[in-house]
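One letter stands for each residue in the lines below.
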Amino acid sequence: MEETKFIGTPRKATTHVSQNEGLMFEKSSAGKKGYRLPLLDVPAVDAAALLGEAVRTDGLGVMPELSEIEIIRHFTRLSTWNYAIDLGMYPLGSCTMKYNPRINEAVARLEGLAEAHPYQPESLSQGALGIMKMLSDALIEITGMDTITLQPAAGAHGEFTGILLTKAFHTANGNPRTKVIVPDSAHGTNPATAAVCGYQVANLKSNALGMVDLAELEKMVDEDVAALMLTNPSTIGVFESDIHKISDILHAKGALLYMDGANMNALVGKTRPGDFGADVMHLNLHKTFSTPHGGGGPGSGPVACKKILEPFLPSPVLKTNPDGTLGFDYNRPQSVGRVRAWYGNFGMFVRALAYILANGPDGLRQTTEDAVLNANYLRSKLEGTFELPYKTRSLHEVVFSDKLQAKNGVKTGDMGKRLIDYGFHPYTVSFPLVVNGAMMIEPTESESKEELDLLVDALTQVAREAEENPELVKNAPHTTRLQRLDETGAARKPVLRWKAPVSSTELTANTAAKEW
Ligand SMILES: *Cc1c(COP(=O)(O)O)cnc(C)c1O
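Computed from a predicted structure; not experimentally measured.

Colleague: I keep staring at the overall build of the protein and nothing clicks. Help me out?
Modeller: The secondary structure content of the protein amounts to 18 helices and twelve strands. Relative to the compact-globule value of 24 Å for 516 residues, the protein shows a C-alpha radius of gyration of 26 Å, a close match. Dimensions of the protein, computed from C-alpha atoms along their principal axes, come out at roughly 75 × 70 × 40 Å. By the burial criterion, 47% of the 516 residues in the protein qualify as buried. A sequence separation of at least 24 residues applies to 71% of the contacts in the protein between residues at least 6 apart. Total accessible area on the protein stands at roughly 25,200 Å², and carbon and sulfur atoms take up 55% of it.

This is the structure:
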């Protein structure tokens, strides 16, 4: 790329010089080995005799044969194409892309934890169970709830579990009810959860401040409503200041308040959902509590709830035996059942607990304050450059829109792509849906003022380009291996496997490319 494309502002993250890397299959040559095994000292077994019909006959194709250094280089080169939290900031709003402190990894790799097996008897798992108990107690304290399950594997899975609890509660009271209310600013997983749990989704319009409209809510809540699913602070980063009244309106009709806790990074140590009326909520350990995040997991989405929902918690439930040891209680006749194999993503519990203990109560509170300070710093630096649709005070994230740039045909997605050329991951594009052309930014507490200033410079520069040279932004990114992808095609017709050519002589880069 010609340097003239970058007017003044330094680029940060750079990509590997070679943006081409063949598949392992293409690099393979027969007979190469990455390992050496000792000679077989037991009788050889005929796989077909041993496995019978299970033997694979569908032409597995050519298995790649490479030396160790070739494999190491292959994956190391590929890794340099990735953007990573260790390389630079992710301003993705709603995602809380905070740094994962190395202490978490050091602790999670301790042999007794990393090698623990879920079928180890309880008597030999007291340390692991102790970690789950300590984490449970810490999260109950942080949320102000009465009890918790660590089973769910992610936020959306936690929502599913929480609404199953809600349904089991209403069913036990004689009527499962038919509707779940979801505000128009909600994350897409909220209405999806309600629908998957068999509820009709009733859409609640936000008021001019971007908050729940109390009068509207009052009209909608009746004895047919099972719950309201509410994100607080909301998806535009605004605290629902009438949260007590919201919970009173629901409780008056026997409905429950489900709180989507994805935005707990704005609340930890400052206020507790259990105290402001939430009955059930999920936490995203991979957001608020720093466990690794991205690439699809592994996540962890514990669900904390009030006493009224305890009988329905997924089985088994962690218990303290009369002799003080820990174990699991499987005798849960009213349980909604297991929602995940084993007991949840144990490695994530270790990391989250390490993070909580390393920070301590004061450190966690400071984290919240720094996250809010960082978001407000960005807001004050960028207001004017970008339109700010809701002027209500921001907590941990801020939502701008592309209104000022859209008059030149430059949209939020274009500016997000252009940010890649400046060495940043894009912000969250076009979400929440209540803001047309949304540009949603959440810096988290991890970022220094220097890093925030670089982001401000980059975004200011992108806004100037949108004025002076819109095409440059509309065709971005210019520095990546691939430019604009067919996102619809990638979602609708994903190609998830490589197909081996019929014979190894056809194994060239070209045929492989066509197979893709
Ligand atoms: C991230 C998020 C979710 C879903 O959590 P996952 O762990 O990605 O399944 C739900 N609601 C909100 C507001 C979120 O930001």
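Colleague: Where do I start with a nonpolar patch on the surface in this structure?
Modeller: There is a patch of nonpolar side chains on the surface, built from Val45, Leu50 and Leu51 and spanning about 330 Å² of accessible area. Relative to the elements of secondary structure, leucine 50 occurs in helix α2 (residues 47–51). A relative accessible area of 64% places leucine 50 in the exposed class.

Colleague: Looking at this structure, I do not really get the pattern of salt bridges. What am I missing?
Modeller: It is possible for side chains of opposite charge to pair when their charged atoms get near one another. Taken as a whole, this structure holds 24 salt bridges when the rule is applied. Between lysine 417 and glutamate 487 there is a salt bridge, and its shortest N-O distance comes to 3.3 Å. Of this pair, lysine 417 sits in helix α14 (residues 412–421) while glutamate 487 sits in helix α17 (residues 487–492), and the two are 70 residues apart along the sequence. Through salt bridges with shared partners, a single ionic network connects Glu21, Lys27 and Arg77.

Colleague: For this particular structure, what's the right way to read the site of the ligand?
Modeller: Surrounding the ligand, one finds 13 residues, the nearest of these being Ser94, Gly155, Asp260, His286 and Lys287. Within the side chain of serine 94, an N or O atom sits 2.6 Å from an oxygen atom of the ligand. Alanine 156 places a main-chain nitrogen or oxygen 2.8 Å from an oxygen atom of the ligand. The fraction of the free accessible surface of the ligand (380 Å²) that becomes covered by protein chains is 86%.

Conventions adopted
Residues numbered from 1 in each chain as written. Predicted model: local features only at pLDDT ≥ 70, side-chain atom pairs only at ≥ 80, totals over all residues. Heavy atoms only, no water. Helix = DSSP H or I, 4+ residues; strand = E, 2+ residues; numbered from the N terminus. Rg over C-alpha atoms; globule rule 2.2 N^0.38 Å. Buried < 20%, exposed > 50% of the residue type's maximum accessible area, 1.4 Å probe, protein only. Contact = heavy atoms within 4.5 Å. Areas by Shrake-Rupley, 256 points an atom, 1.4 Å probe, with all protein chains shown as cover. Patch = residues over 30% accessible without salt bridge, like charges linked within 9 Å, V, L, I, M, F, W, Y side chains within 5 Å. Salt bridge = Lys/Arg side-chain N within 4 Å of Asp/Glu carboxyl O. Near = heavy atom within 4 Å. Polar contact = N/O pair within 3.5 Å; in protein donor to acceptor, adjacent residues only side chain to side chain.

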